[in-house]
Each structure stands twice: as C-alpha cells, then as structure tokens.
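Each chain, letter by letter, is given below.
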Amino acid sequence: MHDDRKLVEERIDRVLRERVTPALYAESTPLELAAWHVPDEPVPVAQALTAPYEPFEVGTRWGRPWSTTWLRATGSVPARWAGRRVEAVFDLGFVGDWPGNQAEALVYDLAGRPIKGIEPRNQYVPIAGDQVGLLLEMAANPDILANGFLPTPLGDKTTAGDDPLYRLVRAELAVLDEEVWHLRLDVEVLRELMAELPTGDPRRHEILRALERSMDALDIHDVAGTAAAARSHLVAALSSPAHASAHTISAVGHAHIDSAWLWPIRETKRKTARTFANVTALAKDYPEFVFAGPQAQQYAWVKERHPEIFERMREAIKAGQWVPVGGMWVEADGNLPGGEALARQLVHGKRFFMEEFGVECRGVWLPDSFGYTAAYPQLARLAGMEWFLTQKISWNQTNKFPHHTFWWEGIDGTRIFTHFPSADTYNGTFEGAELAHAVRNYAEKGAGTRSLLPFGHGDGGGGPTREMLEKARRLRDLEGSPAVVIQSPDEFFAAARAELGEAAVWSGELYLELHRATYTSQARTKAGNRRSEHLLREAELWAASAAVHAEFAYPYAELDRLWKTVLLHQFHDILPGSSIAWVHREAEATYARVRTELEEIITAAVSAMAGDGEATWVCNAAPRPRAEVVTAPDGSAVFVEVPASGAVCLSAAPSSPPVPPPVTATSGGTGTVLDNGLIRVEFDAAGLFSSVLDLATGRELLAAGTRGNLLQLHTDLPNQWDAWDIDAHYRRQRTDLTEVDAITIVDSGPLIGAVRVERSFGASRIVQTVRLTAGSSRLEIKNEIDWHEREKILKVAFPFDVHADRTAAEIQFGHVFRATHTNTSWDAARFEISCHRWIHLGEPGYGVALANDATYGHDVTRTTRTDGGTTTTARLSLVRAPRCPDPEADQGRHEMTYTLVPGAAIGDAVAAGYALNLPLRVTSGGAVTPPPPLVTLDGTAACVEAVKLADDRSGDVIVRVYEALGGRATTRLRASFPITGVTVTDLLERPLPGQPIAVEADGALPISLRPFQVLTLRLSR
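From a predicted model like this one, the values you see are computed outputs, not experimental measurements. (Residues numbered from 1 in each chain as written. Predicted model: local features only at pLDDT ≥ 70, side-chain atom pairs only at ≥ 80, totals over all residues. Heavy atoms only, no water.)

**Details of the environment of Ala-472**
Inference 1: Within the element layout of this structure, Ala-472 appears in helix H13 (residues 466-474).
Inference 2: Each C-alpha atom, one on Ala-472 and one on Phe-370, is 30 Å from the other, the two residues being 102 residues apart in sequence.
Inference 3: Beyond its immediate sequence surroundings of up to four residues, Ala-472 is in contact with Phe-430, Val-484 and Ile-486. (Helix = DSSP H or I, 4+ residues; strand = E, 2+ residues; numbered from the N terminus. Contact = heavy atoms within 4.5 Å.)

**Comments concerning the nonpolar core**
Inference 1: In this structure, Trp-70, Phe-430, Leu-973 and Leu-1019 are the most contacted members of the largest nonpolar core, which totals 236 residues.
Inference 2: By residue number, the principal contributor to this core is helix H17 (residues 581-610), which donates twelve residues.
Inference 3: Not counting the four nearest positions on each side in its chain, Phe-430 is found in contact with Glu-192, Ala-251, Leu-435, Leu-453, Phe-455, Met-468, Lys-471, Ala-472, Leu-475 and Val-484.
Inference 4: Ala-665, Val-692, Val-796 and Met-896 belong to the second-largest nonpolar core, a separate cluster that totals 46 residues. (Core = buried A, V, L, I, M, F, W, Y, C linked by side-chain atoms within 4.5 Å. Buried < 20%, exposed > 50% of the residue type's maximum accessible area, 1.4 Å probe, protein only.)

**Details of the environment of Glu-137**
Inference 1: Take Glu-137: it is sitting in strand E10 (residues 131-139).
Inference 2: Judged by its relative accessible area of 6%, Glu-137 falls in the buried class.
Inference 3: The spacing of Glu-137 and Leu-71 is 66 residues in sequence and 6.7 Å in space, taken between C-alpha atoms.
Inference 4: One polar contact links Glu-137 to Arg-270, side chain to side chain, over a distance of 2.9 Å. (Polar contact = N/O pair within 3.5 Å; in protein donor to acceptor, adjacent residues only side chain to side chain.)

**Considering the pattern of salt bridges**
Inference 1: Applying the stated criterion across every chain, the model contains 88 salt bridges.
Inference 2: A salt bridge links Arg-440 to Glu-196; the shortest N-O distance between them is 3.5 Å. Placement of Arg-440 in helix H12 (residues 432-441) and of Glu-196 in helix H3 (residues 178-196) is noted, with a sequence separation of 244 residues between them.
Inference 3: Taking relative accessible area as the criterion, Arg-440 reaches 52% and is therefore assigned exposed.
Inference 4: Residue Glu-267 pairs with Arg-274 through a salt bridge whose shortest N-O separation is 2.6 Å. As far as the burial class goes, Glu-267 and Arg-274 line up, both buried.
Inference 5: Via salt bridges that share partners, Asp-40, Glu-41, Glu-104, Glu-137, Lys-157, Arg-266, Glu-267, Arg-270, Lys-271 and Arg-274 belong to a single interconnected network. (Salt bridge = Lys/Arg side-chain N within 4 Å of Asp/Glu carboxyl O.)

**What to know about the side chain of Glu-479**
Inference 1: Note that Glu-479 resides in the loop between H13 and strand E21 (483-486).
Inference 2: Take Glu-479: its relative accessible area is 17%, and that puts it in the buried class.
Inference 3: Of note is the side chain of Glu-479, whose polar atom sits 2.4 Å from the side chain of Ser-240.
Inference 4: Apart from the residues lying within four places of it in its own chain, the contact partners of Glu-479 are Leu-193, Arg-203, Ser-240, Pro-241, Ala-242 and His-243.

**With respect to the sheet that holds strand E27 (residues 664-668)**
The strands making up a sheet are joined through hydrogen bonds of the backbone, oriented either antiparallel or parallel.
Inference 1: The five strands are arranged E27-E28-E29-E30-E31 in an open sheet whose pairing can be described as antiparallel. Because the sheet does not close on itself, it has two edges, and the strands there are E27 and strand E31 (699-700).
Inference 2: As judged from the five bridges shared by E27 and strand E28 (residues 671-675), these two strands associate in the antiparallel manner. The residue of E28 that forms the bridge with Thr-664 is Asp-675. (Pairing = 2+ DSSP bridges.)

**As for the pairing of strand E52 (residues 981-985)**
Inference 1: A large share of E52 lies buried, amounting to four of its five residues.
Inference 2: Alignment of E52 against strand E54 (residues 1014-1020), held across five bridges, turns out to be antiparallel. Paired with Thr-983 across the bridge in E54 is Arg-1018.

**As for the environment of Leu-49**
Inference 1: Note that Leu-49 resides in helix H2 (residues 45-49).
Inference 2: Residues in contact with Leu-49, not counting those within four places in the same chain, are Leu-110, Ala-111, Gly-112 and Leu-135.

Rendered as structure tokens:
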C-alpha cells in the first residue's frame, strides 16, 4: 500500500481548521451594544447598573491599560431558533495564545447576578428565553510578555499610557451546531492520538483510515448537513477500548490563579470571580466533573465580593464536584517564608476550609513555587497533611528528577507521600501530545500505573472548559491512549499509595535548578517580609505576656488580619520578586502599614506591663539571653544583659553587668583598626578588610592575600526569565569595587566603635557602616545603597581561610547542608543558594558565620591556594537590576545589614540570626520590676519560635519550640504563670494523641526533642 499518510493528515488538518471549526455556529444575529468606560479603578456591579451608557459597536477600540469597560448587550432570540442551543458569543479582541494574560470579562444579567466568565478560549454565555440582557465587566489587562522578556511600561497603570489595547471583534447571538461541535472534538481526539502512535503501530493506520473515511463523508460546502454522517465513520475508532496495561491518568479540574504576577492583586480578585463562576457553571453541565481549588485567600475574596458565586461554590463542594486542596492561605514561595509563617500558611488555609465548608484538606498543593524547603514534610504532617504535590521541579535546567511518585523526607526524618504529575504541567488540556508525554515520562513504570493531571487554563485563570471535559469522556477508555478518569486528588493519592507504598525516598530539599534569582530580586519586598515576620513574633509575644501579667486585651482580630496580609504577600510571585512594578509598589506600601500597626500593638502591650514613667526598659524578643550595647533614650550607650523573651529595667537593675573591655577605633599610617578585645578588624586604604583576627584563638579569618567585605559587581543578563533567573555565566564578568570616596571613624568607643566607608560606582553609591560593640563577637556591617545600575547584580565576598566541604544554611526550623564542591552535576547546579538568617562554614574545630537581616541569596565556592591551604569564599547577593517584568526593579534606596561571627559554632550562628533580626527594644515605663519572661527553656539546643494566646480565645498559652542544632535535645520549659495542664498539639492547636508531658513538682515541663523536631504545646492557665 502506498504511504500517503502525510497527504491524508494535511487534508484532515485543513478541513478541521478551515471548514469544521468555522461551522460551529450555524446562524448568528448581532446584539445591541452600549458601553460605559470606568474613569479609574473597578466598581461594583451595582454602580455599573446605574451608570450612563453610550452606543458601542463591534470594531470599536476600547480599554486603556488596566481600565474597565462595562458593556451592555441586549437582543431577542429569533423565533426560528426555538429548541436549539443558543449562546451569546463575545470576542473582546483576544490576542496571542495566552488565555490568562489579556482581556477578560465577567458576565452578569441585568439584575446584577454573575453568570460566567469570558476568556480567550471560553467565549460563550448560554442563553435561556427569548429576551437577552447581559452586562460584561471587561478588563483591559495588558499582555506584559507579548514581546518576550523586554522592558515594558505596561506593568503599572502610572506608566502604562492611555492608548486602547483592544478592539471588540464579536458580540452576537448564535446557534451552536452540536453535531458539528462533536465532530470537531471526535476528529481532534483521534488526530492527536494518531500523531503520538508509532508509524509501525496498526492502531495508527486504523485511525488514519477512519478519519479519511470521515472526511470523504463530509461535504465541505454543507458541513452541518453531513456532520452526522462524518461522525458515523469514527464510532468504531472511538469505541476500541484501552489496553489492560494502559497507564491511568487521574484528571482533576484546576485553575492555577497567581494571586499576583503580571497583574495586581486587585485584578486577581476579579480573576477568581470569573474563573469560579466558570467552574460552577461547568459543574452543572458535567456531573462527573471534579475541580481542585487551592488558596483560601481567593475563596475569601469571592465570599466578600461575590456571595452568589461563593454559594454556588458551596453547593459544588457539597456535591463532591469541587474539592478545596492545599490547605494554605496562598500558594506561597517554597523557600523564603520563615518557619512560623509557613506554619501559619497551613493553619489559616486549613482553618478557613474547615470553618466554611467542613472540609479538612489532606495534602499540600503547590505546583508552581520555585523550589521547596526540606522543612515541608514535618510542617505538612503537623498540619494533618498526608500528601504533597508539585510539578515545578520538572523545570530543572541540568538534572532530571528521578521520581514522580515517592516519599519525601525532611530534615527531621518526617516523610510525606509526594507526586509530581508526569505530564509536567498544571495546565492540562488533554491534548494527545500531553497525554503521551505523561506516559513516556512517568518514572515509576513497572511499579506504579497512574499519574495525576490537573487540567484547565491557568496562571491567569479561566480554568477547565467544556471541550476539555468532552475530550476526557472520549479518552476514558480508548485504545492507544492512557485511560482517563476524573477524580479528586485524595482519591488519586490513596490509589497511588496503595500500589506504591514502598516507593523510593528523596531526602532533603527539592532544589529547583532554575529561578535562583528569586532569592534576591525586589530586595525591598523581601526586607518588608522579613521585618513583618519578626514584628509579628514580637507582637504576639508581648501581647501574650501583657495579657497574662497585666490583663491586656489580646488583639486576636488585628493579629489575624495582619498575619493574613503578610501571608498573602508570600505568594510565589510576590515575595520572590517576579511580579510587575504595580505589585511591588503596593507591597512596599503594605509592609509599611503592617509595620506601623504592629509597632502600635507592641507599644501598647509593653506599656501595659511597664506602666507610665521615665524608667528605661530593654525588651528582648529573641529566644536567647542577650548581653549587648543599646542606645538609651538620652542617646548614651549602655551595656545591658536581658533574659530570653524578657525585659529589664535599667534604672532599677539590682546590679550592673560587668562592663567589657572597651572598643577602640583608630586610624594611622597602617590604616584603620577596630578592636574590642575579641575581634580586631583592619581596613586597608580601599576601605576593605585586610585582616579579621579572632583574638580569642589568634586565628586570622581571611585567606592570605585576600580582602574581605569586597563588593563585586557582575553583569546579570540571564537567557530568559529576567527577574527569576541568574545563570552561571554571570560569574565570568566581574568588577571588584575597590575605589573609595571616604573612610571615616564615626564612633571611637568605649562601648561602640564604627567606621563608615563610602563608595561610588556607575550611577550608584553605597555607604557601609562597620560597627563593633563592647563584649560582642559579632562584627556588624550596615549597608545604605542608592542603586541605579541596570542588568547587574551586586554581591559582597568574604574569602575565609577555612577548609569547608559544605555549608550549613538556615531554613525553616533548622538548617540544611550543601556541598561547596562541584563533584556532581547536582552539586554544580547549586551555584546560587538560599538561606534565611544565617549561613555557617566550618572545618573541624573552627567555624565562621554570616547572619543577615533581609538577604536570602548566597553563593559559596572554594579554591586551593599555592600554599596548599583552602579558601572558602562566601558571598551574599545584595541587589539585582532585572528589567522584566518590572523595568525599574530594585532601583533606588536599600538598607540591609549583615554580621560576621568569627569562631562560630552552629549555635552561635542561630543566636546571631535572632539577635540581628530581633534587635533589643528600648522603651520607657514606670514599673521598676518587669514581669519574668512568659516562658523560658533551659540550654541552647532548643529554641522558642512562637508564644501566643490560643486561637480559640480560651486564654491558653501556645508555645512552639524546635531543636535548632541538628541533634537530640533534652530541656525544660518553665512558665511564669500557674499551669493547670499541658497538651501537645498540631499546628492548628488540636491535641495530638499519645504524647503526654507531665508537669514536674517545680512547675517545669521536661521536653525531649529529636533533631530539628517542631513541638507545639498548649499551656492551660
């Protein structure tokens, strides 16, 4: 037989494209249109209903960037259409191929009730009755990446201009020819399946000839009249059952909606309404449909703004067609949120779903974050989760992850059953190539037989379509294809675990070999998050202390609201710095408001304990006692000792702590020197560290011939994904910033010594204040940066004379080790790493730590010197200058501080991280004896991470502790109030069975912790 496959396939494709698809709507009639252009920000439908409308026509341009146009469409259904499927069809002027990043609309009836959304691939509204009256809230969202990763002013309405973006293409009533519609779907399913089958497979040729016969039966000049005949030739091909060994695709509807990204938060609020209206409408037409919806914040927006849609969601949940998943407030970044913040993501998300729907989520649904902390397994299990899902690791640049279904083990040994969809997408469409890839790619063949496929248009939302569900029906049991079954994620994970309970184990972080620059981009957003997390800690601690000791009214509602605000901004395109300018402009303003409110709560709580007066109080919110220099209200420096989580009154202290040796700051012919008897720092003529001497051991920190605190400027133009990526080639272009404007001693002791170093480079300027205080083994470097570079990254380097084969970097509730060598491709791919408050480098017997107050990105490399010694260089990534999607990213002023700790063990690094991020708070009061700390722990291995009152408003005190050093810890927790009982709870403050703790005679609570264990205690008063 002659091989005419190519000719037949080309014929099928052209007929489908040029004749069948245009024949979907048999007849049409235009709608009468009128429009109102909203002057500024979006308005509720009630206001739009009474607005002044003017005539509007198809073909008219509309929509300056980020504006809203309300379109009123009215008409009558022709009598001859009675009994047929009538729809209103709208094309808002859709462009490109991205359904979630351009014009969209929510359609209401003329009573203001929402019906469904209009998206580029979902353009219809069903019509019932003879008279039509619709109101479209049309959003003119610009396509930010239309021209690739190029700078654009469209990312903020203040710079986007006024030129209309779109032209209305279609607004009409039409009759959907269902036979033609089904013909198109039949042909698409078989054509896509055929293309994925081997040319030697008989099934491929059977499908080809069936499609050819179908085309022969179709009159291209009368598609409607011959569609049924054409379909009849495809029945046998569509009825042939799947092989018994066929892979099973467990499909669940999904609509990945970024809570902000290439659009602001206010637009996400509207996207959720459009998408959720679509989903609930679809559920009524397809009883087998199951939709998985994450992100409690988005539900809360719809509840507040569109209660009608929220009630439809509630009905779908009751019917089992809508499944809340993820149990998080938003789909947060997987690396950058602090430990307590990550816990609260799970607490607030799960609690919302339980309170609103009586549903407890059983798994973490996080498909699109940029890597995942090794703390996740323990925190997820402590929140009652049983499974974890992502697919983002499939984006790795270098190494293919070896599993799709496996056990993920965290730093404490906790494991959680984990799945990566082998289709490598969370935006499934049931295309043949997608399903074939899922089967070919699946790593657990021979042991497992199923994978999950989230289907629906995502990123900007829109969700599943009726075409997807029709395809799923055809693919349920089809020869040559995987079998498709629509089911909930819980059902999939139960089935997968039943067949793969002894799956492979992956231990440690899930490091994404891509998007490494998200540890650094938009530094002010990251600084706002870090400060907010620590202020929330302080606010809860002091409010709880004041409630117990001074009958202070604990601000439950305010703290709940502020936590949710901070959690929202940890979304995986806000905190990572990968959103448009509008998002980050608003984020910085929001963090400023959060800071003001939290400072007010802290001030009120401390004042309730301190009373009115002129005595000086010093408060320590850190879990370690502190002996530090503070600045008193009169401007003088004072050396003070403060207990962990407690306070002292300077004017009433029974005895002053021993004053440590003084600090000296001198300048002479050999350069500038800071010395406090513990550390001696020498500055060369360029203002760089020529020596950092640990006087306690006599050890020089810096490698011979090197200089520390060296600022280095690199060209930083990744291959794509500007705000997201830093590619390894950046290292090959570097400028060391050694020119200095001025070196000035600004404080010469005896308690504080400080040297200011000023530099200018390019269009930028940096002022560094290097500070050493009496009695401290921490050297502090404060950076004030006025940054105006483009496509650059600024790093600061410390070349240590330390033979470190690995680093320890703080993550949530612990730390991870990463190799400093590049033995394997996995090691080499970690050329940029993240940490939280500190990073530690050590060799047996000696170590050094770098702590920071807002810097997440780091890199560590090592070389062998000519003398045979090893230089291990640690660098902090300070600021970047990407130009897409925000062309002004990071431009302007920044403040960030890091500390260098010589001779540091891991415990010293932990203490330094807390000290820098929780500075001692100096205030005034009348009480001369501060109340004792609410809770304390013995020893240094265990840390108190959170102290608060229970969310149920019982007055119980909640204490969250963790083991911080990576070893076993035995400690005692002591409370400064009578305890009537103690309960070990999960993160949601629910009792955990089988973990009793007995109160000892002196009121102490004995606690034993495994390495990195997180323990939550409820103390009943």
